[in-house]
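One letter stands for each residue in the lines below.
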Amino acid sequence: MPHEKVYPVPPEIAARAHIDAEGYRTLYARSLQEPEAFWAEQAQRFITWERRWERVCDWDFQRAHIRWFEGGRLNACVNCLDRHLDSRGDQTALIWESDNPAVSQRFTYRELHAQVCRLANVLKNQGIGKGDRVCIYLPMIPEAAVAMLACARIGAIHSVVFGGFSAEALRDRILDADCRLLITADEGLRGGKHVPLKANADQALRECPGVRSVLVVRRSGGKIGWTEGRDVWYHEAVAAAAEDCPPESMEAEDPLFILYTSGSTGKPKGVVHTTGGYMVYAAMTHRYVFDYHDGEIYWCTADVGWVTGHTYLVYGPLANGGITLMFEGVPTWPEPDRFWQVVDKHQVNIFYTAPTAIRALMRLGDDYVKRTSRRSLRILGSVGEPINPEAWEWYYHVVGEGRCPIVDTWWQTETGGHMITPLPGATPLKPGSAAWPFFGVEAVILDDKGKEIEGPGEGVLAIKRSWPAQARTLYGNHQRFLETYFKLYPGYYFTGDGARRDEDGYFWITGRVDDVLNVSGHRLGTAEIESALVEHPAVAEAAVVGFPHDVKGQGIYAYVILKEGVQPGEELKRELSEQVSRDIGPIAKPDVIQFARDLPKTRSGKIMRRILRKIAAGQIDDLGDTSTLADPGVVEELIRNRIQAG
Ligand code: 6R9
């Protein structure tokens, strides 16, 4: 049964909040009743336009046709930097905390602007212009934010690839987006360990003839390979470039970035976000959901390789003239109190992280938290996966000492920004619930026939109307966009998540209903992991499912059928794990590999994943209907050889 505890809004939070309970109710009602007027006001308030739009919105889910603020012109980089120079040019924009606890750095708006302009000129000198795709494969260093903003300044489309992805995964993403230039670093540094980014990039680029130049940031100073005529040191190029770079004037619907994410089938999808609607929504949600006030220190721990790092580390906070903190390291190094040390060192007011980090730290005990002050904290946030009530309570009571509201923000790469979330000054909190829809978001729950459930109930989560930061397409594949999100439930955006709504209208996200896993907050398609496994010469077939995992949320359980005559063994398991790591990245390594003679299939040959999930979770007394199985003996054997997981 769900947790029935409710935490009221603390009066001191409500007193200074941008939005209080009454404000939420009236503004939410208005956002649905008069959407055009509502969004025109927000667009005016949060973004500086060169030219006003002609039409607020124009969308049709039947065709997956989505347009916001058409006719309007703006530049995302100008909105993040230039427009703040007069009022706060000497205020800190970015605080960088390096992996090494002794090293941090601050950049004012003026300094960041200068860096971005120089790099933008470097890009132009390399032949990059409006509409060209630039791949960014960097660790969590200031240059990552600079690179994104430099692309935005000249109208190039960035595609950031998470530094934990392998050479093969990088190659696939570069090829899919047909990138022209790559920005990387010699090595990344995390928890004292070196990540061979340049070596991965060199390997990837062997098969990417479209990439003509590579800018290399010197981070570790480690030894790397060098391709003359292609590779350029970032610091040398930037030092030689001019500081004056007029921004490109962009249409509201010009693409700002592509970001790859896993789906239930096939290759990762290149989710495309455009400029105007995304920026309005990024700025507005950052302001209201974190109740951000000028001068506050805001820290989002997400990597720039994920959408959270795009919207809530870079674009949202900088559009609001805020102070954003970027952390290069990991929560447990040099000791498991690192997060809280950083909070004290930089006097962080708003802290936004993932449940997997909370659970990992919770296990290590309260002492690491309690030896720090954390008095500066005002608001806490959670994102990436459902937060279990136990972890929520620990975050609230131990980390926040019962003072700080937790905003549990439900959203996706495809939604561009927060969709269902509490607002600190408006929403009484229920541990484990993402609470209510944000302004303009009409969230519905559909039953198995695709009909809307009114009032309390459980089903799949869908969105009934467009919002400004909605993804517009999948790069180069609008048909797949249409089929993935708009076909199954016509007239709705289908989220891929299940949810329950309670009698108070609170949403409780129950997790993915498709074949997408959420491992430590990272989305991974089971199909991708399966295709990595079958690439190994010993493997005939593979099926991958998730199982409940104490820290990761979900773990990866792989059933592997070997080819005739191949001997199973621990060495082979290691090889298979390596294969997955090479193909996708270390985050996709299976927690468990079980060799099997066969998989449970229906008579028509379809794998019964439902049964595989039950076996992986150890729920063997509760397999459900097995009457359609072609060979019941297969299931008995799988159960006998089951590996205890979790
Ligand atoms: C922002 C982000 C999206 C998937 C989403 C859902 C899960 C994210 C959540 C949550 C429950 C939350 N998810 N936030 N589930 N409560 N607060 O994580 O984007 O990487 O695309 O993942 O993550 O399953 O569908 P992305």
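None of these values were measured; they are calculated from a predicted model.

So, the UniProt feature "domain: AMP-dependent synthetase/ligase" (unreviewed entry) in the protein
Inference 1: Residues annotated in UniProt with the feature "domain: AMP-dependent synthetase/ligase" (unreviewed entry) correspond here to residues 82-465.
Inference 2: The annotated region residues 82-465 carries 32% helix and 23% strand content, and the separation between its end C-alpha atoms amounts to 33 Å.

Observations regarding the packing of aromatic side chains
Inference 1: Using the criterion set out here, one finds 49 aromatic pairs in the structure.
Inference 2: Judged by centre distance (5.3 Å) and plane angle (85°), the rings of Trp299 and Phe339 are edge-to-face. Of this pair, Trp299 sits in strand β16 (residues 297-300) while Phe339 sits in helix α13 (residues 338-346), and the two are 40 residues apart along the sequence.
Inference 3: Trp299 gets classed as buried once you look at its relative accessible area, which sits at 0%.
Inference 4: Measuring from centroid to centroid gives 5.7 Å for Phe339 and Trp340, while their planes differ by 80°, and the two rings are edge-to-face.
Inference 5: The exposure class of Trp340 is buried, given its relative accessible area of 0%.

A few points about the site of the ligand
Inference 1: Not every one of the 17 residues close to the ligand is listed here, only the nearest: Asp408, Thr409, Thr413, Asp497 and Arg512.
Inference 2: Separating a nitrogen atom of the ligand from a backbone N or O atom of Gly384 is a distance of 3.1 Å.
Inference 3: For the ligand, a nitrogen atom lies 3.3 Å from a polar atom in the backbone of Pro386.
Inference 4: In the complex, 96% of the free accessible area of the ligand, which totals 530 Å², lies under the protein chains.
Inference 5: Secondary structure elements with two or more residues in the shell around the ligand: α12 (307-319), β20 (406-409) and β25 (507-512).
Inference 6: Grouping the amino acids of the shell around the ligand by side-chain chemistry returns six nonpolar, six polar and five charged.

Considering the UniProt feature "binding site: CoA" (unreviewed entry) in the protein
Inference 1: As annotated in UniProt, the feature "binding site: CoA" (unreviewed entry) corresponds to Arg190, Gly191, Gly192, Lys193, Thr308 and Ser520 in the numbering used here. Spanning 331 residues, the annotated positions stay apart in the fold, the maximum distance between their C-alpha atoms being 24.2 Å.
Inference 2: Tracing the chain through its elements places Lys193 in strand β10 (residues 193-195).
Inference 3: Residue Lys193 is classed as exposed on the basis of its relative accessible area, which comes to 60%.
Inference 4: You can see Thr308 is positioned in helix α12.
Inference 5: Residue Thr308 is classed as buried on the basis of its relative accessible area of 9%.
Inference 6: Sequence-distant contacts of Thr308, that is, excluding residues within four places in its chain, are made with Cys300, Ala302, Leu313, Tyr352, Val383 and Trp411.

Regarding the pairing of strand β15 (residues 269-274)
Inference 1: Most of β15 is tucked away: six of the six residues are buried.
Inference 2: Residue alternation in β15 divides its side chains into two sets, Lys269, Val271 and His273 and Gly270, Val272 and Thr274, and both sets are buried.
Inference 3: Pairing geometry for strand β14 (residues 255-261) and β15, over six bridges, is antiparallel. Considered in β15, the bridge of Tyr260 is made with Gly270.

Concerning the sheet that holds strand β18 (residues 350-353)
Inference 1: On the basis of which strands lie adjacent, the open sheet formed by seven strands has the order β5-β4-β17-β16-β18-β19-β20 and mixed pairing. Looking at strand neighbours, the two that pair on one side only are β5 (104-108) and β20, the edges of this open sheet. Sheet twist, expressed as the mean angle between neighbouring strand axes with direction ignored, is 20°.
Inference 2: Direction of pairing for strand β4 (residues 92-97) relative to strand β17 (residues 323-327): parallel, over a ladder of four bridges. Across the sheet, residue Trp96 finds its bridge partner in β17, namely Met326.

A short note on unusual backbone geometry
Inference 1: The linkage connecting Trp333 with the following residue, Pro334, adopts the cis geometry, with an omega of 0°.
Inference 2: For Pro334, the location among the structural elements is in the loop between β17 and α13.
Inference 3: Residue Phe69 is not a glycine yet carries a positive backbone phi of 55°.
Inference 4: Assignment of secondary structure puts Phe69 in strand β2 (residues 65-70).
Inference 5: The phi angle at Glu401 is positive, at roughly 50°, despite the residue not being glycine.
Inference 6: Its place among the elements puts Glu401 in the loop between α16 (389-399) and β20.
Inference 7: Exposure remark for Glu401: the relative accessible area of 38% places this residue in the partly exposed category.

Reading the values: rules and limits
- Residues numbered from 1 in each chain as written.
- Predicted model: local features only at pLDDT ≥ 70, side-chain atom pairs only at ≥ 80, totals over all residues.
- Heavy atoms only, no water.
- UniProt positions renumbered as here; feature names shortened; annotations may be inferred.
- Helix = DSSP H or I, 4+ residues; strand = E, 2+ residues; numbered from the N terminus.
- Phe/Tyr/Trp six-rings, centres within 6.5 Å; stacked < 30°, edge-to-face > 60°.
- Buried < 20%, exposed > 50% of the residue type's maximum accessible area, 1.4 Å probe, protein only.
- Near = heavy atom within 4 Å.
- Polar contact = N/O pair within 3.5 Å; in protein donor to acceptor, adjacent residues only side chain to side chain.
- Areas by Shrake-Rupley, 256 points an atom, 1.4 Å probe, with all protein chains shown as cover.
- Nonpolar A, V, L, I, M, F, W, Y, C, P; charged D, E, K, R; others polar.
- Contact = heavy atoms within 4.5 Å.
- Pairing = 2+ DSSP bridges.
- Axes fitted to C-alpha atoms, helices over the stretch in contact; angles between N-to-C directions.

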